[in-house]
Amino acid sequence: MITGASRGLGRAIALRLAREGYDIWANYRSAHEAAHELQAQIEETGRTCRLLPFDVCDEKQVAEALDPLLSETTPDVLINNAGFSKDTLMMWMSTEEWQSVTDVSLRGFFLVTKAVLLGMMKRRSGRIVNIASTSGQTGLPGQSNYAAAKAGLIGATRALAAEVVKRGVLVNAVAPGFIETEMTQDLPREQIIGRIPLGRLGRPEDVAGAVAFLCSHDADYIVGQVINVNGGIYG
Ligand code: NAP
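The structure contained in this document is the topic of the report that follows. Since the model is a prediction, treat every value here as computed from it, not as a measurement.

Thresholds, definitions, all that
- The written sequence of each chain sets the order in which its residues are numbered from 1.
- Restriction of local features to residues with pLDDT of at least 70 applies here, the model being predicted, together with a cutoff of 80 or more for giving and counting side-chain atom pairs; totals for whole chains, interfaces and linings are based on all residues.
- Calculation of side-chain values draws on the structure's entire complement of heavy atoms; hydrogens and water are dropped beforehand.
- Proximity is defined per residue: if any heavy atom of the residue lies within 4 Å of a molecule or strand, that residue is considered near it.
- Definition of a polar contact: a pair of N or O atoms within 3.5 Å, with one able to donate and the other able to accept a hydrogen when the atoms are protein atoms, and with sequence-neighbouring residues admitted only if both atoms are side-chain atoms.
- For accessible areas, the Shrake-Rupley method is used with a probe of radius 1.4 Å. Any residue's cover is judged against the shown protein chains and nothing else.
- Helix numbers and strand numbers start at the N terminus; a helix is a DSSP run of H or I with at least 4 residues, a strand a run of E with at least 2.
- By definition, residues are in contact when any of their heavy atoms lie within 4.5 Å.
- For our purposes a nonpolar core is just a set of buried Ala, Val, Leu, Ile, Met, Phe, Trp, Tyr and Cys residues, chained together by side-chain atoms within 4.5 Å.
- The buried label goes to any residue with under 20% of its type's maximum accessible area, the exposed label to any with over 50%, and the partly exposed label to all in between, with areas taken from a 1.4 Å probe on protein chains only.
- A cavity, in this analysis, means grid points on a 1 Å lattice covering only the protein atoms where a 1.4 Å probe fits yet has no way out; a pocket is instead an open set bounded by protein on both sides within 12 Å along at least five of seven lines, and a residue lines either one if it has an atom within 4 Å of a point.
- Grid points are joined across faces, edges and corners, and a volume is the space filled by probe spheres set on the points.

### Details of the site of the ligand
Taken together, 31 residues lie near the ligand, and Ser6, Ser30, Ala31, Tyr146 and Thr181 sit nearest. A distance of 2.8 Å separates an oxygen atom of the ligand from a polar atom in the side chain of arginine 7. Aspartate 55 places a side-chain nitrogen or oxygen 2.8 Å from a nitrogen atom of the ligand. With the chains in place, 97% of the 890 Å² that the ligand exposes on its own is no longer accessible. Secondary structure elements with two or more residues in the shell around the ligand: helix H1 (8-19), strand S1 (24-28) and helix H6 (144-164).

So, in structure tokens, the structure goes:
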């Protein structure tokens, strides 16, 4: 199961995991057309794709969408990817800009993970990968809301990893740097590239590769870690 799978990183992760042989539950909020395109592409690979449109921050929607499915089965892996930024200096930041950005990364992570976790713990296996950000490690001006959300997600990753590791559930995070998606399309590209040692923005597939690794048996001994996928900009 991947949250925020209709576009960007979530979409690339869904396609990569389908190629690895997983059937996909693809959550998203509103991009129905993009989600149906993803579904068709996944079905071409021979895997199934169940679309789950709901807002990860809405407790009622999460329960209505997931409870019936989770009473039948538990996903092998959960990728908490839904997220967005609303950048502005704190001086000008509205309460809504603070709340919505921290909510989608933290409340969304909490609600969806809590729903899936019990089944994984009972089964004594599962992988959870949280999509954090370099911003949560370094802080960037204009992103006090987003940096707080992603730093919080890293803290939650480590705490939850310690809670459930003995039940066979491995929790890790991936921290992407600047990746080419709609989220970064309005940023000053040349200025950013100048700061990245690898000399380019990342591709969604670069992130999907790290996620697929953390879901694979090659990562059987990796827990509570943050894997940086950032072209060398930090770490
Ligand atoms: P994106 O292209 O804007 O896609 C965001 C996805 O999240 C969409 O599928 C969107 O669904 C979904 N979403 C947003 N709010 C949601 C909600 N409340 N409930 C359910 N789904 C929701 O963003 P992206 O660049 O792929 O980013 C994906 C994740 O990577 C985010 O957590 C982001 O913070 C993180 N990240 C991105 C970068 C980067 O450079 N792009 C760097 C570091 C970390 P709808 O379109 O249907 O609304």
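### Digging into the environment of lysine 150
Along the chain, the position of lysine 150 falls in helix H6. Along the chain, lysine 150 and glycine 194 lie 44 residues apart, while their C-alpha atoms are 24 Å from each other. Apart from the residues within four sequence positions on either side, lysine 150 is in contact with Ser105, Ile131, Ala132, Ser133 and Gly136. Separated by 3.3 Å, the side chains of lysine 150 and serine 105 make a polar contact.

### Concerning the nonpolar core
If you look at the biggest cluster of nonpolar residues, it comprises 32 residues, and the most contacted ones within it are Ile13, Leu17, Ile24, Ile79, Val174 and Val211. Listing elements by their share of this core, those giving two or more residues are H1, S1, helix H2 (32-44), strand S2 (49-53), strand S3 (77-80), strand S4 (126-131) and helix H8 (204-215). For isoleucine 24, the contacting residues outside a window of four places in its chain are Ile2, Ala14, Leu17, Ala18, Ile42, Thr48, Cys49 and Arg50. Membership of the second largest hydrophobic core comes to 29 residues, among which are Trp25, Ala82, Leu111 and Val171.

### Section: empty space enclosed by the protein
For the structure shown, the criterion picks out one cavity of 30 Å³ or more. Considering the residues around the largest cavity, the lining is formed by Thr3, Val56, Asn80, Asn81, Ala82, Val104, Ser105, Gly108, Phe109, Ile131, Lys150 and Leu153. Where the lining of the largest cavity is concerned, the elements lending two or more residues are helix H4 (95-123) and H6. Sorting elements by how many residues they give to the lining of the largest cavity places H4 first, with four residues.

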